[in-house]
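Below, each chain spelled out in residue letters.
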Amino acid sequence: MEKEFIITVFSENKVGLLSQITTVFTHRNVNIESLTASESAIEGVHKYTILVKNDEEKVANLVKQIEKKIDVLKVFCYSPSEVVLQQLALYKVQRSRNVEDLVRRHNVRILDIHDDFIVLEKTGHKEEINELYQMLSPYGLYQFVCSGPVAIIKSRRELLDEYLDYVKEYQKSLE
């Protein structure tokens with residue numbers, strides 16, 4: 001049974017690594033629903049947030065294959081209930097009184113105002129972003145763009161920190 005999973009890949013910032021990671025998905029015939037890359041809270045470490053829909057066994061195998069890549073430090077896999085997940089959307093829409101009412105009711109930020117259009121920003125879950133898109137469409141939606149989701153785990157510490165502490169202790173024990 002297909003479920004949604006959030007895979008986070010922590011790596012060094014190396015040219016070509018993203019291509020290597022996406023090749024793992026391609027070879028296993030798994031579609032990436034969304035992919036976001038950014039710096040992490042640890043200096044010099046980058047984080048890829050990858051959203052997939054597949055069965056648990058196939059996703060577990062993907063994680064193992066990605067971890068084999070040389071520049072990958074660690075890979076974690078989460079269910080949506082284990083993370084706080086948000087997206088960002090920008091809407092360029094015709095300026096009108098109706099749009100201004102929607103802005104007030106849906107906690108939307110106004111980024112830019114012109115005589116004939118306004119640029120809006122909405123941060124939230126995919127459903128909220130799509131709902132606002134549907135509401136704005138009848139009023140002259142000129143442009144729309146949406147980021148992939150970014151995710152942060154609900155536990156207090158980043159699991160990568162714990163993993164790196166474990167590796168340090170292990171290396172000390174070998175000396």
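Scoring rules and cut-offs
Residues numbered from 1 in each chain as written. Predicted model: local features only at pLDDT ≥ 70, side-chain atom pairs only at ≥ 80, totals over all residues. Heavy atoms only, no water. Core = buried A, V, L, I, M, F, W, Y, C linked by side-chain atoms within 4.5 Å. Buried < 20%, exposed > 50% of the residue type's maximum accessible area, 1.4 Å probe, protein only. Helix = DSSP H or I, 4+ residues; strand = E, 2+ residues; numbered from the N terminus. Contact = heavy atoms within 4.5 Å. Axes fitted to C-alpha atoms, helices over the stretch in contact; angles between N-to-C directions. Left-handed = near helix turned anticlockwise from the far one by under 90°. Nonpolar A, V, L, I, M, F, W, Y, C, P; charged D, E, K, R; others polar. Phe/Tyr/Trp six-rings, centres within 6.5 Å; stacked < 30°, edge-to-face > 60°. Lys NZ or Arg CZ within 6 Å of the ring centre and 35° of its normal.

(A) Inspection of the nonpolar core at higher detail. Counting 17 residues, the largest nonpolar core has Ile7, Val9, Ile21, Phe25, Ile50, Val52 and Ile66 as the members making the most contacts within it. At the level of secondary structure, the elements contributing two or more residues to this core comprise β1 (3–11), α1 (17–27), β3 (46–54), α2 (56–67) and β4 (72–78). For Phe25, the contacting residues outside a window of four places in its chain are Ile7, Val30, Ile32, Ile50, Val52, Leu62 and Ile66. Counting residues in hydrophobic clusters, the runner-up holds 12 residues, among them Val93, Val99, Leu102 and Leu132.

(B) Seen up close, the packing of α1 against α2. Where α1 meets α2, the axes come as close as 10 Å, and the angle between the chain directions of the two elements is 145°. Handedness of the crossing formed by α1 with α2: right-handed. Residues Ile21, Val24 and Phe25 of α1 form the contact with α2, whose own contacting residues are Leu62, Gln65 and Ile66. Split by residue class, the contact of α1 with α2 holds 5 nonpolar, 1 polar and no charged.

(C) Quick peek at the packing of aromatic side chains. Tallied over the entire structure, the rule returns 4 aromatic pairs. Between Phe76 and Tyr78, the aromatic rings sit 6.4 Å apart at their centres with planes inclined by 25°, giving stacked as the arrangement. The two residues Phe76 and Tyr78 agree in class, both being buried. Ring centres 5.2 Å apart and planes at 45° place the aromatic pair Tyr91 and Phe144 in the tilted group. Of the two residues, Tyr91 sits in strand β5 (residues 83–94) while Phe144 sits in strand β8 (residues 141–146), which places them 53 residues apart along the sequence. Owing to a relative accessible area of 1%, Tyr91 belongs among the buried residues under this scheme. With relative accessibility at 34%, the residue Phe144 sits in the partly exposed group. Through pairs of rings, three or more aromatic residues link up here, namely Phe10, Phe76 and Tyr78. Its end group placed over the ring of Phe117, Lys92 keeps NZ or CZ at 4.7 Å from the ring centre.

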